Amino acid sequence: MERKVAIIGAGISGLLACKYALSKGHRPTVFEAQSGLGGVWTKTVEITKLQTPKPLYQFSDFPWPDSVTEVFPDQNQVLEYIESYARQFDLLHHIRFDTKVVSIDYEGASSEVQKAWALWGGTGEPFDSKGGKWYITIQDTKSLSTEVCQFDFVIICLGRFSGIPNIPEFPQGKGPEVFQGKVIHSMDYADMDYATAKELVKGKRVAVVGLQKSALDIAMECSTANGMDLPCTVIYRTEHWSIPDYQPWGVPLAYLYLNRFSELSIHKPGEGPPLSLLATLLSPVRWAFSKFVESHVKHKLKLAKFGMVPKHSFLQELSSCLTSTVPDDFYNRVEKGSIRLKKAPSFSFCKEGILIDGKTETLKADLVILATGFNGVKKLQDIFASPSFQDLIAGSPDKTVPLYRECIHPRIPQLAVIGFSESVANLYTSEMRCRWLAELLDGTFKLPSIKEMEKDIAEWDEYMKQYSDKNYRRSCIGALHIWYNDQLCKDMGWNPKRKKGLVAELFEPYGPMDYACP
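Keep in mind that this is a model prediction, so the values were computed, not measured.

What counts as what
Residues numbered from 1 in each chain as written. Predicted model: local features only at pLDDT ≥ 70, side-chain atom pairs only at ≥ 80, totals over all residues. Heavy atoms only, no water. Salt bridge = Lys/Arg side-chain N within 4 Å of Asp/Glu carboxyl O. Helix = DSSP H or I, 4+ residues; strand = E, 2+ residues; numbered from the N terminus. Buried < 20%, exposed > 50% of the residue type's maximum accessible area, 1.4 Å probe, protein only. Axes fitted to C-alpha atoms, helices over the stretch in contact; angles between N-to-C directions. Parallel < 35°, antiparallel > 145°, perpendicular 65-115°, else oblique. Contact = heavy atoms within 4.5 Å. Nonpolar A, V, L, I, M, F, W, Y, C, P; charged D, E, K, R; others polar. Pairing = 2+ DSSP bridges. Phe/Tyr/Trp six-rings, centres within 6.5 Å; stacked < 30°, edge-to-face > 60°. Lys NZ or Arg CZ within 6 Å of the ring centre and 35° of its normal.

Before going further, it helps to spend a moment on the pattern of salt bridges. Evaluated as defined, the whole model comprises 28 salt bridges. Measuring nitrogen to oxygen at the nearest pair gives 2.2 Å for the salt bridge that ties Lys 19 to Asp 61. Taken together, the residues Lys 19 in helix α1 (residues 12-23) and Asp 61 in the loop between β2 (27-31) and α2 (75-88) connect sequence positions 42 residues apart. Owing to a relative accessible area of 33%, Asp 61 belongs among the partly exposed residues under this scheme. Between Lys 378 and Asp 382 there is a salt bridge, with its nearest N and O atoms 2.8 Å apart.

With that out of the way, let us pick up the packing of helix α9 (residues 273-281) against helix α10 (residues 283-301). Running from N to C, α9 and α10 point in directions that differ by 50°, and their axes come no closer than 4 Å. In this view, α9 runs oblique relative to α10, as classed from their interaxial angle. Taken together, the residues of α10 that come into contact with α9 (itself represented by Ala 279, Thr 280 and Leu 281) are Ser 283, Pro 284 and Arg 286. Across the contact of α9 with α10, the residue classes tally to three nonpolar, two polar and one charged.

Once that is clear, we can look at the environment of Ala 86. Position of Ala 86 among the secondary structure elements: in helix α2. Each C-alpha atom, one on Ala 86 and one on Ile 12, is 9.6 Å from the other, the two residues being 74 residues apart in sequence. Excluding its chain neighbours within four sequence positions, the residues that come into contact with Ala 86 are Leu 15, Leu 37, Leu 91 and Leu 92.

A sheet is described by the order of its strands in space; here five strands give the open sequence β8-β15-β9-β10-β11, paired in parallel fashion. Looking at which strands have only one partner, the edges of the open sheet turn out to be β8 (182-185) and β11 (339-343). Strand after strand, the sheet turns through a mean of 20° between neighbouring axes, direction not considered. Where strand β9 (residues 206-209) lies against strand β10 (residues 232-236), three bridges are found, and the strand directions are parallel. Pairing of Ala 207 across the sheet is with Thr 233, part of β10. Seen against the sheet, helix α5 (residues 194-201) touches β8, β9 and β15 (367-370) and runs at an angle of roughly 130° to β15.

The final tally for this structure, using the stated rule, is 30 aromatic pairs. Seen in terms of ring centroids, Trp 134 and Phe 389 are 5.9 Å apart; in terms of plane orientation they differ by 45°. Their pairing is tilted. On the criterion of sequence distance, the pair formed by Trp 134 in strand β5 (residues 133-140) and Phe 389 in helix α14 (residues 387-394) is long-range, its members being 255 residues apart. There is no split in this pair, since Trp 134 and Phe 389 are both buried. Centre to centre, the rings of Phe 170 and Phe 347 are 5.4 Å apart; their planes meet at 65°, and the pair counts as edge-to-face. Of the two residues, Phe 170 sits in the loop between β7 (153-156) and β8 while Phe 347 sits in strand β12 (residues 347-349), which places them 177 residues apart along the sequence. As far as the burial class goes, Phe 170 and Phe 347 line up, both buried. Three or more aromatic residues link up through ring pairs in this structure, and these residues are Phe 59, Phe 62, Trp 64, Tyr 81, Tyr 85 and Phe 89. Stacked on the ring of Phe 151, the Lys or Arg Lys 4 has its end atom at 5.1 Å from the ring centre. Over the ring of Phe 420 we find Arg 160; its NZ or CZ atom is 4.8 Å from the centre of that ring.

Here is the structure:
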């Protein structure tokens with residue numbers, strides 16, 4: 001039976017959700033607030049490149065073209081690849097561009113009845129036979145006119161890295177309002193065309209707050225614009241294992257972290273006593289792999305020389321989904337002086353620039369760029385009209401966003417979230433989730449009880465906290481790609497073992513093409 005499915009966002013997850021909904025005979029409509037598709041890839045810093053090696057970041061049925069020879073394609077190449085995928089599978093006419101979803105509101109069973117449910121939606125089915133529907137209020141971003149549309153199911157594909165910037169809070173009189181220069185977020189910088197961004201930083205004393213990928217890229221651009229005459233200052237709180245390449249000491253990183261053997265050394269959610277014992281016995285291997293990568297990064301980037309050796313392990317970095325590649329020449333520029341690194345547990349603003357706590361000297365600046373990330377949870381909450389659903393989707397502040405299989409909230413009916421939970425290779429993971437969701441909508445399998453789903457969510461939360469430690473971030477499957485995909489495969493009735501032979505199954509890295517066929 002054809003069902004109307006609303007998909008919010010035309011990034012990678014939204015396109016995949018559309019494609020696989022169509023494959024099951026449903027009628028999807030994708031709402032995209034921007035004029036084009038691609039999500040975070042529509043606007044980036046000029047020098048930004050793909051963070052994941054190309055073989056791990058591709059659609060299982062649509063490989064990269066031979067014309068793209070780089071291992072880490074740039075923004076234009078990635079965007080063209082995504083657009084080609086949409087054209088190949090005829091997805092464009094299902095997308096309503098320049099259409100912002102203002103809110104979504106569920107009309108069906110009362111909140112009292114919902115609280116008494118033992119199964120998702122009361123029956124465990126993705127669609128409500130008694131007439132439960134989602135009403136979506138949309139706005140044309142050009143005419144500002146609004147309308148309300150009705151759907152049988154909603155898939156939220158908003159992502160975490162856009163929309164609502166994460167702005168640090170400051171005491172009264174010590175925030176950006178007292179600074180005589182300009183303060184912007186990295187989102188504002190990325191939204192500019194390349195020429196405007198260059199003009200903004202040219203000839204200015206720039207401070208960039210943050211040490212993740214966008215901060216490093218922006219610092220590089222500022223360094224290129226101003227050289228050693230006006231060095232760019234990077235203010236950071238915690239050192240990170242930003243890697244120079246995916247070949248530590250010549251060994252592909254995938255052989256250390258993306259095969260079954262490596263995952264045997266990790267304690268997994270829902271594992272039985274034998275696997276738990278094996279993970280304990282293999283803990284020296286887990287430690288050795290992490291130290292092996294760390295030694296390569298420290299040697300190649302000369303981290304000790306710059307006081308940039310992290311106090312946590314590389315495995316913790318990977319398990320937190322914080323791993324990124326450092327731009328070429330970044331630490332050479334630090335050495336030469338066109339980029340300066342300043343550690344600051346906290347800081348505040350003054351008239352002339354920035355005051356780092358514990359320091360008496362003012363860091364003078366004309367422009368401060370906050371590369372401090374995004375408030376993805378708030379973005380997710382704000383899409384719901386219902387305050388109770390807003391509270392449910394956010395969950396507890398000290399736990400992961402409570403999604404079963406990182407897709408379904410046990411107590412919100414007829415709705416899925418794709419692309420919020422992170423992984424080392426987000427496209428690859430989103431495709432698996434969309435295939436799993438399509439089979440759920442098709443009735444291939446049913447979800448367990450709400451109680452069982454909440455127990456599974458809690459077990460994954462414990463895993464994330466155990467291996468991320470102080471770098472714990474909400475919603476990241478980290479170093480358990482294969483174990484996670486195994487659960488999806490079992491639900492769908494697929495054989496989770498995708499390799500030929502025991503040796504290959506244990507030691508060959510897993511990637512998107514291993515899941516090309518059911």
